[in-house]
Amino acid sequence: MIFSVPILTLLMVSLFSITAMLWAGCFAVRIIRRWDLESGSATQILLEKQTYLVSTMVAGIMVLQAISTPLFVLNADRMAPLFIGAMCAVGALEVNAYGSPALILKLLVFLCAAIWLGLHHTDTRFRNYPLTRFKYGFLTLITPLILSSEILQFLYFINMDIDVITSCCSVIFTPEFSGAGGSLSTIPPKIGLIVLLGIYGGLLFSALLSFRHPIPFGLIFSILSAIFLIAAIAAIVSVISPYVYEQPHHHCPFCLLKADYNYVGYALYAALFGGSAAGLTAGTLSVWVLSSGGTGQPKMETVISRCIQFAMLGYTTYGIIAFAIAIQSNLVLFYN
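Rules and cut-offs
Residues numbered from 1 in each chain as written. Predicted model: local features only at pLDDT ≥ 70, side-chain atom pairs only at ≥ 80, totals over all residues. Heavy atoms only, no water. Patch = residues over 30% accessible without salt bridge, like charges linked within 9 Å, V, L, I, M, F, W, Y side chains within 5 Å. Areas by Shrake-Rupley, 256 points an atom, 1.4 Å probe, with all protein chains shown as cover. Salt bridge = Lys/Arg side-chain N within 4 Å of Asp/Glu carboxyl O. Helix = DSSP H or I, 4+ residues; strand = E, 2+ residues; numbered from the N terminus. Phe/Tyr/Trp six-rings, centres within 6.5 Å; stacked < 30°, edge-to-face > 60°. Buried < 20%, exposed > 50% of the residue type's maximum accessible area, 1.4 Å probe, protein only. Lys, Arg positive; Asp, Glu negative; His and termini not counted. Charge placed at Lys NZ, Arg CZ, Asp CG, Glu CD. Core = buried A, V, L, I, M, F, W, Y, C linked by side-chain atoms within 4.5 Å. Contact = heavy atoms within 4.5 Å.

1. What about a nonpolar patch on the surface?
Together, Ile 191, Ile 194 and Val 195 make up an exposed nonpolar region whose accessible area comes to about 260 Å². Note on placement: Ile 194 falls in helix 8 (residues 189-210).

Set out below in structure tokens:
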């Protein structure tokens, strides 16, 4: 099984990522310690030349990490028929103790990779590269996360056993299940929607205020983005999924990725995680501006505002898709 094309592809990406990130992490430490644009020393000139190569390589790794996350989920969904009891990606991920933790870490890596790419793109827009030390400092935090993610993924693949009887989504996402899936499925649909709409209102309000004051409200918007991401995933389990399946007791967030439901999950998750990545990037840039003692760069406020606009576009798209699902469904969850 480990010799299937998708798994081999993911493992090759892992090997390349681990090797490159270890080297980039060591280089990041040098940048943090010795980077000084005001210096004309030979060391600084060498570092400036090396950053072009290393930054390009790291950007490529981050893109690969972002792509590997949906590929990992897709591969788990395709492997589901091979395991007894599995109906979708949930069953394939539960075949051993490493699948679900690997997915959680991959989702975190996806968001961190998107943030780093945003920092790098912003940094290259300025002649003095103001974010260089900051983005490489952030890289030192991402590196252990990527290494842990790739190790868990390898352990997941190497310990797969087709003779294991696994749990399907109809067991995990039920009120009787003691894990996170069971807890999310017990959230009343009305409460889930009210909380989600309330956070969206806060996002919209802070986004409007950020047009005049991008820095402080960019950070507030970022915090609300993280909360919205959690609330949106909870809403998918408690409300949106039953509308898609037209079954009040089917709460699986992974079956949305199947052809039977027109792959609606890919559009829903792309809008949600794309918006979240942009919102978190706005907050990260705001942190840099605040830590540097002021706005410093007039263009930075424009970049933060655009990140917020893109985030709101993603969140609004998520809401439109969810609303369209509810309107077209034959299921009725609210009677008054």
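From this point, the discussion proceeds with the structure in view.
2. Examining the packing of aromatic side chains
In this structure the tally under the stated criterion is 13 aromatic pairs. A ring pair is formed by Phe 221 and Tyr 315, whose centres lie 6.5 Å apart and whose planes are at 35 degrees; its orientation type is tilted. With a gap of 94 residues between them, Phe 221 in helix 9 (residues 214-245) and Tyr 315 in helix 11 (residues 298-328) connect regions that are remote in the sequence. Under the relative-accessibility criterion, Phe 221 is labelled buried at 0%.

3. Topic: the pattern of salt bridges
Any two side chains of opposite charge can pair, on the condition that their charged atoms come close. Enumeration over the complete set of coordinates arrives at two salt bridges. One salt bridge in this structure joins Asp 77 and Lys 258, with 3.2 Å as the shortest N-O distance. Of this pair, Asp 77 sits in helix 2 (residues 42-79) while Lys 258 sits in the loop between helix 9 and helix 10 (264-291), and the two are 181 residues apart along the sequence. This pair shows no difference in class: Asp 77 is buried, exactly as Lys 258 is. Between Asp 123 and Lys 135 there is a salt bridge, and its shortest N-O distance comes to 3.2 Å. With Asp 123 in helix 4 (residues 99-123) and Lys 135 in helix 5 (residues 132-158), this pair connects stretches of sequence that are 12 residues apart. Looking at Asp 123, the relative accessible area reads 1%, which means it is buried.

4. A closer look at a positive patch on the surface
A grouping of Arg 125, Arg 127, Lys 299 and Arg 306 is seen on the molecular surface, where their side chains present a positively charged patch. Its location among the elements puts Arg 306 in helix 11.

5. Some thoughts on the nonpolar core
Formed by 104 residues in total, the largest nonpolar core has its most connected members in Met 62, Leu 139, Tyr 156, Phe 228, Cys 252, Phe 254 and Tyr 318. With 14 residues, the single largest contributor to this core is helix 9. Other than its neighbours up to four places away in sequence, Tyr 318 contacts Leu 196, Phe 228, Ala 232, Ala 235, Ile 236, Ile 240, Leu 268, Ala 271 and Leu 272.

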